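If you want the building blocks of each chain, they are given just below.
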Amino acid sequence: MPQLRQWLNRLVMMTSWLNLAAVAAGGAIGAVARYLITLAMVSIPGSSAMLGTTIANVVGCAAIGGLAEYCVASDLFSPRAVLGIRVGFLGALTTFSTFAAESMFLASEERWFAAGTYVGANLILGWGALFTAMILVKGWMG
């Protein structure tokens, strides 16, 4: 128990309550956005929650790529705002744990092609979205 207390004390010293609040607020908004995306995708006939997860992951990857490039070229966002957006909002939006569980579910059913396609689509589309957003923002910022 003393080790846990020491770890928590170090954690509190490394951050501030305002940083924690920024991450919490961003996380709450990101989680709700992810849920709404999933609801929208499930409402499409023949669709599934996995499409919602893929869309959330691709949008999140594009957003974090664009944000990274924007922050290099601009000082518009404070470090706390970037923390709230990147760790809070985008961390909650991108749902990697849900993606892992859904892909494992497909694999456990021995639906190998579907599992591979799902994993590949998230990785390739995510990387592509991140890279494209970085290039677009870099060009836009001059």
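Residues numbered from 1 in each chain as written. Predicted model: local features only at pLDDT ≥ 70, side-chain atom pairs only at ≥ 80, totals over all residues. Heavy atoms only, no water.

## Looking at the packing of helix H3 (residues 49-73) against helix H5 (residues 96-108)
Convention followed: Fitted lines through C-alpha atoms give the axes, limited to the stretch in contact for helices. The angle between two N-to-C directions lies from 0 to 180 degrees. Comment: elements are numbered from the N terminus, with helices defined as DSSP H or I runs of at least four residues and strands as E runs of at least two. Here the angle decides the label: under 35 degrees means roughly parallel, over 145 means roughly antiparallel, 65 to 115 means roughly perpendicular, and every other value means oblique. For any helix crossing, the convention is left-handed if the near helix is rotated counterclockwise from the far helix by under a right angle, and right-handed if that rotation is clockwise. Throughout, a residue-residue contact means that at least one pair of heavy atoms, one from each residue, lies within 4.5 Å. Each residue gets one of three labels, nonpolar for Ala, Val, Leu, Ile, Met, Phe, Trp, Tyr, Cys and Pro, charged for Asp, Glu, Lys and Arg, and polar for the others, Gly among them.
The interhelical angle for the contact between H3 and H5, taken along N-to-C directions, is 140°, at an axis separation of 10 Å. In terms of orientation, H3 lies oblique with respect to H5. Here H3 runs over H5; the crossing is left-handed. Judged by residue contacts, Ala 49, Met 50, Thr 53 and Asn 57 of H3 engage Phe 96, Thr 98, Phe 99, Glu 102 and Leu 106 from H5. Of the residues that constitute the contact of H3 with H5, the class distribution is five nonpolar, three polar and one charged.

## Some details on the confidence of the model for the protein
Note the following rule: The pLDDT score gives, residue by residue, the confidence of the prediction method on a 0 to 100 scale.
For the protein, the mean per-residue pLDDT works out to 89, and 92% of the residues sit at or above 70. Least confident of the elements in the protein is helix H1 (residues 2-14), whose mean pLDDT is 66; most confident is helix H2 (residues 17-42), at 95.

## A few points about the packing of H5 against helix H6 (residues 112-141)
For the pair H5 and H6, interaxial distance at closest approach is 7 Å and the crossing angle is 160°. In terms of orientation, H5 lies roughly antiparallel with respect to H6. Between H5 and H6 the crossing geometry is left-handed. Of H6, the residues touching H5 (which contributes Phe 99, Glu 102, Ser 103, Leu 106 and Ala 107) are Trp 112, Ala 114, Ala 115, Tyr 118, Val 119 and Asn 122. A breakdown of the residues in the contact of H5 with H6 according to their chemical character gives eight nonpolar, two polar and one charged.

## Some thoughts on a nonpolar patch on the surface
Quick note on the threshold: Residues form patches when they are more than 30% accessible in relative terms and have no salt bridge. Like charges link within 9 Å. Nonpolar side chains (Val, Leu, Ile, Met, Phe, Trp, Tyr) link within 5 Å. For the accessible areas, the method is Shrake-Rupley and the probe is 1.4 Å, while residue cover comes only from the protein chains on display. What counts as a salt bridge is simple: a side-chain nitrogen of Lys or Arg found within 4 Å of a carboxyl oxygen of Asp or Glu.
Residues Val 32, Tyr 35, Leu 36 and Leu 39 make up a contiguous nonpolar surface patch of roughly 400 Å² in combined accessible area. Along the chain, Leu 36 falls in helix H2.

## Examining helix H4 (residues 79-93)
Short version of the rule: The span you would expect from a helix comes to 1.5 Å times its residue count less one.
In this model, H4 (15 residues) spans 20 Å end to end at C-alpha, consistent with the 21 Å of a helix rising 1.5 Å per residue. Residues of H4 that are buried sit in contact with H2 and H3. Of the residues trailing H4, Thr 95 is marked for its positive phi of about 50°.

## Brief notes about the layout of surface pockets
As a reminder of what qualifies: A pocket here means an open set of points on a 1 Å grid, computed over the protein atoms alone, that has protein on both sides within 12 Å along at least five of seven lines. A cavity is instead a set of points where a 1.4 Å probe fits but cannot get out; residues with an atom within 4 Å of a point line either one. Grid points are joined across faces, edges and corners, and a volume is the space filled by probe spheres set on the points.
By volume, the largest pocket amounts to about 180 Å³. Taken together, Asn 57, Gly 60, Cys 61, Ile 64, Leu 90, Gly 91, Thr 94, Phe 96, Phe 99, Asn 122, Leu 123 and Gly 126 form the lining of the largest pocket. Those elements giving two or more residues to the lining of the largest pocket turn out to be H3, H4, H5 and H6. The element contributing the most residues to the lining of the largest pocket is H3, with four residues.

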